Amino acid sequence: MKSITKQKPFDEVKQQLDRFDRVCIVGCGTCATMTKTGGREEVLNMKEHLQELGKLVTGWTVIPTACDEMTEGALNLIQGIQNANCILVMACALGVHKVNLYIDKPVIPALDTLFIGVEDSPGYFHEVCAQCGQCVLGETAGICPLTACHKGLLNGPCGGTNNGKCEVDKEKDCAWTLIYQRLKEQGRLDLMHKYHPPKNYQVVPRPRVIKLV
Amino acid sequence: MISKFRQVLNSGKFVVTSEIGPPKGTNIEKMLHHIDLLKDKVDALNVTDHQSSVMRFPSIGGCLAIKEQGGEPILQMTCRDRNRLALQAELLLAYTRGIRNVLCLTGDAIPVGDHKEAKGVFDLDSVQLLRAIRQMEAGKDLGGNELDGTIEFCAGAIVTPEARPIEPQLIKFEKKVEAGAEFFQTQAVYDLDNFAKFMQYARQFSVKILAGIVLLSSASMAKYMTENVPGIFVPKYLIDELASAPRGEALNKGKEIAGRMVATLKKESICDGVHIMAIRREEVVPDILAIAGL
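A brief look at the structure comes next. Quantities reported herein were computed from a predicted structural model and do not represent experimental measurements.

### Thoughts on the interface of chain A and chain B
- Facing the 30 residues of chain A at the interface are 31 residues of chain B.
- Both faces combined, the contact of chain A with chain B buries some 2,600 Å², and carbon together with sulfur accounts for 55% of it.
- It is Lys151, His193 and Tyr195 of chain A that lose the most area in chain A upon contact with chain B, and together they represent 22% of the buried surface on that side.
- Our count for the chain A to chain B interface comes out at one salt bridge.
- Two residues, Glu167 of chain B and Lys184 of chain A, come together in a salt bridge whose shortest N-O distance is 3.4 Å.
- The greatest single-element share of the side of chain A that touches chain B, amounting to three residues, is contributed by helix H7 (residues 175–185) of chain A.

### Notes on helix H3 (residues 59–68) of chain B
Residues and elements named next belong to chain B.
- By the criterion of burial, H3 is predominantly enclosed, with eight of the 10 residues buried.
- Within H3, the full set of buried residues consists of Ser59, Ile60, Gly61, Gly62, Cys63, Leu64, Ala65 and Ile66.
- Each element contacted by the buried residues of H3 is listed here: helix H2 (29–38), strand S2 (44–47), strand S3 (73–78) and helix H4 (84–96).
- Trailing H3 by a residue or two, Gly70 shows a phi angle of about 85°, which is positive.

### Overview of the nonpolar core
- In this structure, Phe173, Tyr190, Phe195 and Leu265 of chain B are the most contacted members of the largest nonpolar core, which totals 83 residues.
- Here this core gets six residues from one element, more than from any other, and that element is helix H7 (residues 192–202) of chain B.
- Residues contacting Tyr190 of chain B, with those up to four places away along its chain left out, are Val214, Leu216, Met225, Ile232, Phe233, Val234, Pro235, Tyr237, Leu238 and Met261 of chain B.
- Core analysis: the second largest hydrophobic core is formed by 19 residues, Cys24, Ala74, Leu75 and Ala84 of chain A among them.

### Focus: the sheet that holds strand S1 (residues 2–7) of chain A
Residue and element names in this part refer to chain A.
- Spatial ordering of the open sheet is given by S1-S6-S7, a layout of three strands whose pairing is antiparallel. Each edge of the open sheet is held by one strand with a lone partner, namely S1 and strand S7 (124–127). For this sheet, the mean angle separating the axes of adjacent strands, direction not counted, is 65°.

### Here we look at the packing of aromatic side chains
- Within the structure shown, the criterion is met by nine aromatic pairs over all chains.
- Between the aromatic rings of Phe173 of chain B and Phe198 of chain B, the centroid separation amounts to 5.9 Å while the plane-to-plane angle is 70°, which identifies the pairing as edge-to-face. Of this pair, Phe173 of chain B sits in helix H6 (residues 167–178) while Phe198 of chain B sits in helix H7, and the two are 25 residues apart along the sequence. Phe198 of chain B matches Phe173 of chain B in its accessibility class, with the two residues each being buried.
- Centroid distance Tyr201 of chain B to Phe205 of chain B: 5.5 Å. Interplanar angle 65°. Geometry classified as edge-to-face. This pair shows no difference in class: Tyr201 of chain B is buried, exactly as Phe205 of chain B is.
- Just above the ring of Tyr195 of chain A sits the side chain of Arg131 of chain B; from NZ or CZ to the centre is 3.9 Å.

### As for H7 of chain A
- Residues of H7 of chain A that are buried include every one of Ala175, Trp176, Thr177, Ile179, Tyr180 and Leu183 of chain A, and no others.
- For H7 of chain A, the secondary structure elements touched by its buried residues are helix H6 (145–148) and strand S9 (169–173) of chain A together with H6 of chain B.
- In the stretch just after H7 of chain A, Gly187 of chain A is the one whose phi turns positive, near 65°.

### Some words on the packing of H6 of chain B against H7 of chain B
Residue and element names in this part refer to chain B.
- Look at H6 against H7: their axes get within 12 Å of each other, and the N-to-C directions meet at 40°. By the angle between their axes, H6 is oblique relative to H7. In the packing of H6 onto H7, the handedness of the crossing is right-handed. Contacts between H6 and H7 involve Leu170, Phe173 and Glu174 on the former and, on the latter, Phe198, Tyr201 and Ala202.
- The residue inventory of the contact of H6 with H7, partitioned by class, reads five nonpolar, no polar and one charged.

### A look at the sheet that holds strand S4 (residues 101–105) of chain B
All names here are of chain B.
- Read around the barrel, eight strands follow the order S1-S2-S3-S4-S5-S6-S7-S8 and close on themselves; strand pairing throughout is parallel. The average undirected angle you get between the axes of adjacent strands in this sheet is 25°.
- Strand direction decides the pairing type here: S3 and S4, joined by four bridges, are parallel. Its bridge partner being in S4, Thr78 is matched across the sheet by Leu105.
- Contacts from helix H10 (residues 250–267) reach strand S7 (208–214) and strand S8 (273–277) within the one sheet, and its direction differs from that of S7 by about 165°.

Thresholds applied
- Residues numbered from 1 in each chain as written.
- Chains lettered and ligands numbered in written order.
- Predicted model: local features only at pLDDT ≥ 70, side-chain atom pairs only at ≥ 80, totals over all residues.
- Heavy atoms only, no water.
- Contact = heavy atoms within 4.5 Å.
- Buried area = accessible area lost by both parts, 1.4 Å probe.
- Salt bridge = Lys/Arg side-chain N within 4 Å of Asp/Glu carboxyl O.
- Helix = DSSP H or I, 4+ residues; strand = E, 2+ residues; numbered from the N terminus.
- Buried < 20%, exposed > 50% of the residue type's maximum accessible area, 1.4 Å probe, protein only.
- Core = buried A, V, L, I, M, F, W, Y, C linked by side-chain atoms within 4.5 Å.
- Pairing = 2+ DSSP bridges.
- Axes fitted to C-alpha atoms, helices over the stretch in contact; angles between N-to-C directions.
- Phe/Tyr/Trp six-rings, centres within 6.5 Å; stacked < 30°, edge-to-face > 60°.
- Lys NZ or Arg CZ within 6 Å of the ring centre and 35° of its normal.
- Parallel < 35°, antiparallel > 145°, perpendicular 65-115°, else oblique.
- Left-handed = near helix turned anticlockwise from the far one by under 90°.
- Nonpolar A, V, L, I, M, F, W, Y, C, P; charged D, E, K, R; others polar.

Written out as structure tokens, the structure reads:
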């Protein structure tokens, strides 16, 4: 599992940092390093850009995994963090959340968190699960229609499908054509005839909280 | 008051429906003119629901205008813009205002339209919407609560007989039939031999099929549709026929082709009727009907 992020346009970061002149930068050694959005190299690049803007970068670090509880200790070890008047976080929103929990200074995200995805080939990530709380993969040949179909349809393809491609993008596969082909190969096409009732969104009340015993 | 359109569907008559595209804005003069022109020439008039995800005057507004002018409206409802509460509420409103027919569609995707940054809803899909209607008719809303006054609709759906691959579409078609669809208006068909094969299959279900007839206004438009619109294939001989029309005569040729197709479908009893879509040229529908001998 990877939390897939992309860097915000620098102008947006610049605008959010407008009122701060002393910045401490925090990157993440896990997902953001793999996506090359908040690893050591990106943090140092950011440091340079901020210095060009006339900001004082009081300190920086790359926390091994920004979203776990070690973050608290790691933040305390950053030299110069106390002199900063804001923390620029180059991690996914989970990392931003953790940093925000442990430090009483304004926290600014430098990345946009896109989705939880898998890497198909180096640098290419795609979303396979929308974490909907009610898995249908057993009946859809292991391909999630909620995630892979642009409209998240549960009862088969829309009329916008064309030669196995999606109406929103001729390069994108139609999820329901893939599901159909796979079910057919597996001799389970009867599953495509099954009616799926409207999705129960109550299984995923937001914000989602669960106590695992 | 039951649906007049349902009575026509069950009468055995060759059914003709057409379609009104509401304006983008409050200037409804042209729409009212089209309604006036068509309401007595067809059995029912659909009103599109933000067709191609382009924000417009709403389908229900057009349907009310048709009612006011004494016509028979078919309310098009897509699942793109409303969640299950809003869809059910609109069905309640439609029913109280005398609208008795509804066409259930998934809806085009948001990115193909003119509000690309909007949130697509798709809380229900077309099959679930059909079932919702039947459940409300039985007196309960989707939350399982008792309704104080129910609805009754002649409910229909769409099918794409030329989709490739076709089998997933046919499975969905069958799910729509099971969900309670009484009639189907098809995506545009041009190859009548192919369509007749689809009808052989569809005849095993007790639903009425109205073949979609989309007016071809020029050879380039026909080519564009074949290349870009999912599930639409215009055979080369029709494109050539349009291209062979003298300058300024392509639209007349398109009307002739549409009229000829309607006549053939009726004469050979291929299907139960036609749904004529003359997108933005609604005023030529009477010509098509005249050419078809209707």
